[in-house]
Amino acid sequence: MAAFELLLSQARRHCFTKATSANHLSSLLLRSSFPLFHRSLCSSSSSSSSSPSQSNPEPSPESPPTESTSRPPSIQLQPVSYPIKPKDESPPEQQNPNPYQSFSQLPPRRPPQQSFDAAEGGRTWTRADARYVKDSPTILSPVSYPTKVAPLPEDRVAVDGEETVKEEGEKGDDKEGNEQLERERSRIEADNRLFRRVLKVEEEKLPFPMLIKVENTKKEKVVYDLKEAIQLVKTNAKRNFDETIEAHVKLTPDLRRTDLKLTGSASLPHGTGKAVRVAVFAEGPAADEARAAGADVVGGEELIEGIKNGNIKVDFDKCIATPQIMSRVSKTISKTLRRLTPNAKEGTVTNDISRVVREAKSNIIFRKDKSAIVHVGLGKASFPEEALRENVGAFVNALLLAKPAGLKKSSKYAGYVSTFHLCSTMGASYPVTIQSLSIAADRYNKLQLR
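Basis of the calculations
What you see as residue numbers is a count from 1 along each chain, following the sequence as written. For this predicted model, a pLDDT threshold of at least 70 governs which residues receive local features, and a threshold of 80 or more governs which side-chain atom pairs are given and counted, while totals over whole chains, interfaces and linings are taken from all residues. Hydrogens are left out, water is left out, and the side-chain values use all remaining heavy atoms of the structure. Simply put, an axis is a line fit to the C-alpha atoms, just over the touching stretch for a helix, and the angle between two N-to-C directions goes from 0 to 180 degrees. Starting at the N terminus, helices and strands are each numbered in turn, a helix being any DSSP run of H or I of at least four residues and a strand any DSSP run of E of at least two. In what follows, roughly perpendicular refers to angles from 65 to 115 degrees, roughly parallel to angles under 35, roughly antiparallel to angles over 145, and oblique to any angle outside these ranges. Contact criterion: two residues are considered in contact whenever any of their non-hydrogen atoms come within 4.5 Å of each other. Each residue is assigned to one class: nonpolar for Ala, Val, Leu, Ile, Met, Phe, Trp, Tyr, Cys and Pro, charged for Asp, Glu, Lys and Arg, and polar for all the others, Gly among them. Whether two aromatic rings pair depends on their centres lying within 6.5 Å, for rings of Phe, Tyr and Trp, where Trp uses its six-membered ring; planes under 30 degrees apart make the pair stacked, over 60 edge-to-face, and the rest tilted. Note on exposure labels: buried denotes an accessible area under 20% of the residue type's maximum, exposed denotes more than 50%, and partly exposed covers the range between, all computed with a 1.4 Å probe on protein chains only. When DSSP locates at least two bridges between a pair of strands, those strands are taken to pair. Put simply, a nonpolar core is a bunch of buried Ala, Val, Leu, Ile, Met, Phe, Trp, Tyr and Cys residues held in one set by side-chain atoms that sit within 4.5 Å of each other. Within this analysis, the arc is defined by the directions that extend from the helix axis to the C-beta atoms. Here, a salt bridge means any Lys or Arg side-chain nitrogen found within 4 Å of an Asp or Glu carboxyl oxygen. Patch membership requires over 30% relative accessible area and the absence of a salt bridge. Like charges are linked within 9 Å, and nonpolar side chains (Val, Leu, Ile, Met, Phe, Trp, Tyr) within 5 Å. Accessible areas in this description were obtained via Shrake-Rupley with a 1.4 Å probe; residue shielding takes into account the shown protein chains only. Within this scheme the basic residues Lys and Arg register as positive and the acidic residues Asp and Glu register as negative, but His and the chain ends are omitted. Throughout, a charge is located at the NZ atom of Lys, the CZ atom of Arg, the CG atom of Asp or the CD atom of Glu. With a 1 Å grid laid over protein atoms only, a set of points is called a cavity when a 1.4 Å probe fits there but cannot get out and a pocket when it is open yet has protein on both sides within 12 Å along at least five of seven lines; lining residues have an atom within 4 Å of a point. Grid points are joined across faces, edges and corners, and a volume is the space filled by probe spheres set on the points.

Draft legend 1. View of the packing of helix H9 (residues 301-309) against helix H10 (residues 323-332). Across the interface, H9 lies against H10 with an axial gap of 11 Å and an inter-helix angle of 5°. Looking at the two axes, H9 sits roughly parallel to H10. Contacts between H9 and H10 involve Glu-301, Ile-304 and Lys-308 on the former and, on the latter, Ile-325, Arg-328, Val-329 and Thr-332. Here the contact of H9 with H10 is built from residues that sort into 3 nonpolar, 1 polar and 3 charged.

In structure tokens:
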């Protein structure tokens, strides 16, 4: 509106003042661009010159008179005036300011965030503080509602007797339903009695329902005494052949290490019940001593040549040799004998041939497997119980003597022997207590000392 008033004042000035060259050029531009607007201005100026009461300024005497007389007559326009809008005289606090004061000012993208006033301090909360409302004092007072409790029947208050009548009606319906069920039950029982009487069927009496405790089907492991375990093993050995009594000893898991070796031999007082073939490589008096001790195969150079050529079959269980002939045995037939080759560490290379032959007939060799378990046979099911008990004592004593030196944190049995089981070839196994095994081993040592 201000720009329009400025333009109107300039147009009037050009109509009533002497135009210079520059003003004349601007008036030409104005006429070319706004012809109708210029014509209306000229008409208003002419009307203002004819009626001096309408316009205050008078034309300058220097203006040429020919400029006004030469213009064609124009249409007189009546000015239109609008009433001025009265200003609002309300206090500035109640006025709603216009947010758009100018075209350059843009409305905010989002309304400003309302500030939170703390209930205690009364300070203003910023956006950063509002993110930690959890740690701030309570802003809003908690709303508590009264707890609702279901009223008891005796607490209900009858309103004009309506509730009492309703309850009595419900009780009457329940009585009618119970009577109907009772009549139905008696009718079914009468039909059943008639059916049993016609068919002569006895009435089945059902027990009163009761809770049945579920029994634990898992049986607890029972550890037996050595004497009792031997009796059970002999009782369950019912095959048509003489079964072998076996012992399976599970050692501590530390013995699964490969650096801990466990191997040894045990001399059983009553033998294993199995025929053991023993071959002796000896010459001269040592060969005669071996034959007297019960060796099955005895020989020197001829025995070595026979095994090398294949004329003599290797069907014996143990081999014993004297130190004089051992060098020829290891050079010639060690690959053929393999694990049966005499070894000084195992005591099969010796000059005491008779003793070694007798021990080979009754001794057993045991060693641990990858799972740290020792499996060994200790006799036959046909042996008496006392003989089997002595064999078990001899084996346990040898097992204690073969204990590895690198095994730490172990006593005589604890930390070394975990479990000991006895079984037959095709029978069940029975765990044996460590106390009874210790008693059997001590008893065997006393017999050896005598």
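Draft legend 2. How the structure looks around the packing of aromatic side chains. In the structure shown here, the tally under the stated rule is 3 aromatic pairs. Relative to Tyr-430, the ring of Tyr-224 has its centre 5.7 Å away and its plane inclined at 80°; by these criteria the two rings are edge-to-face. A residue pair is termed long-range when its members are at least 10 positions apart, and Tyr-224 in the loop between helix H6 (162-199) and helix H7 (226-236) and Tyr-430 in strand S11 (residues 430-431) qualify at 206 residues. With a relative accessible area of 12%, Tyr-430 lands in the buried category. Consider the rings of Phe-395 and Phe-420, whose centres lie 6.4 Å apart with planes at 50°: the pair is tilted. Of the two residues, Phe-395 is situated in helix H13 (residues 385-401) and Phe-420 in strand S10 (residues 417-423); the sequence distance between them amounts to 25 residues.

Draft legend 3. Quick peek at the sheet that holds strand S7 (residues 318-321). Taken in spatial order, the 3 strands of this open sheet run S6-S5-S7, and their pairing is parallel. Since the sheet does not close on itself, it has two edges, and those belong to strand S6 (297-299) and S7, each with one partner. Averaged over all pairs of adjacent strands, the angle between strand axes in this sheet comes to 15°, irrespective of strand direction. One ladder, built from 3 bridges, connects strand S5 (residues 278-281) with S6; its direction is parallel. Residue Phe-281 lies in a different strand from S6, and its bridge partner there is Gly-299. Across the sheet, helix H12 (residues 353-362) touches S5 and S7, and the angle it forms with S7 is around 170°.

Draft legend 4. Representation of the nonpolar core within the structure. Ranked by internal contacts, the top residues of the largest apolar core, which has 43 residues, are Leu-251, Phe-395, Tyr-416, Phe-420 and Leu-422. Listed by contribution, the elements that provide at least two residues to this core are H7, strand S3 (244-251), strand S8 (363-367), strand S9 (373-380), H13, S10 and helix H14 (434-449). With residues near it in sequence (within four places) discarded, Leu-251 still touches Leu-262, Ala-372, Val-374, Tyr-416, Val-417 and Ser-418. Ile-304, Ile-307, Ile-325 and Ile-333 belong to the second-largest nonpolar core, a separate cluster that totals 15 residues.

Draft legend 5. The environment of Ala-293, seen in detail. Here Ala-293 shows up in helix H8 (residues 285-293). Each C-alpha atom, one on Ala-293 and one on Val-357, is 6.3 Å from the other, the two residues being 64 residues apart in sequence. Among residues more than four places away in sequence, those in contact with Ala-293 are Ser-354, Val-357 and Arg-358.

Draft legend 6. Representation of the sheet that holds S3. Here 4 strands make up an open sheet; going across it, the order is S9-S3-S10-S11 and the pairing antiparallel. Either end of the sheet is taken by a strand with one partner, and the two such strands are S9 and S11. Across 6 bridges, S3 lies against S10 in antiparallel orientation. Looking at S10, one finds that Ala-247 is bridged to Leu-422. Packing of H7 onto the sheet brings it into contact with S3, S10 and S11, and relative to S10 it is tilted by some 35°.

Draft legend 7. Quick peek at H9. Along H9, the residues that are buried comprise Leu-303, Ile-304, Gly-306 and Ile-307. Summarising the axial view, the buried residues of H9 lie within an arc of 165°, below the 170-degree limit, and thus occupy one face. Of the residues in H9, the exposed ones pointing more than 90 degrees away from the buried face are Glu-302, Lys-308 and Asn-309. Those residues of H9 hidden inside the fold are in contact with S5, S6, H10 and helix H11 (334-337). A positive backbone phi angle near 90° is found at Gly-310, which sits one or two residues after H9.

Draft legend 8. Seen up close, the pairing of S7. Alternating residues of S7 divide into Lys-318 and Ile-320 and Cys-319 and Ala-321, and every residue in both groups is buried. Relative to S7, S5 is paired through 4 bridges, and the arrangement is parallel. Among the inter-strand pairings, Ala-279 is bridged to a residue of S7, identified as Cys-319.

Draft legend 9. Looking closely at the pattern of salt bridges. Taken as a whole, this structure holds 14 salt bridges when the rule is applied. Across the pair Arg-187 and Glu-184 runs a salt bridge whose closest N-O atoms are separated by 2.5 Å. Taken together, the residues Arg-187 and Glu-184, both in helix H6 and 3 residues apart, mark about one turn of the helix. As a salt-bridge pair, Arg-291 and Asp-288 come within 3.2 Å of each other at their nearest N and O atoms. Here Arg-291 and its partner Asp-288 are both found in helix H8, 3 residues apart, which amounts to about one turn of the helix. For Arg-291, a relative accessible area of 49% gives the class partly exposed. One network of salt bridges, in which partners are shared, links Glu-182, Arg-185 and Glu-189.

Draft legend 10. Representation of a negative patch on the surface. Taken together, Glu-170, Asp-173, Asp-174, Glu-176 and Glu-179 make up a surface patch of like negative charges. Considering the arrangement of structural elements, one finds Glu-170 in helix H6.

Draft legend 11. Main features of the layout of surface pockets. Taken as a whole, the largest pocket holds about 1,100 Å³ of empty space. Around the largest pocket, the lining is made up of 32 residues, and of these Asp-317, Lys-318, Asn-363, Ile-364 and Ile-365 lie nearest the centre. Only strand S4 (263-267), S7, H12, S8 and S9 provide two or more residues apiece to the lining of the largest pocket. Class assignment for the residues of the lining of the largest pocket results in 10 nonpolar, 12 polar and 10 charged.

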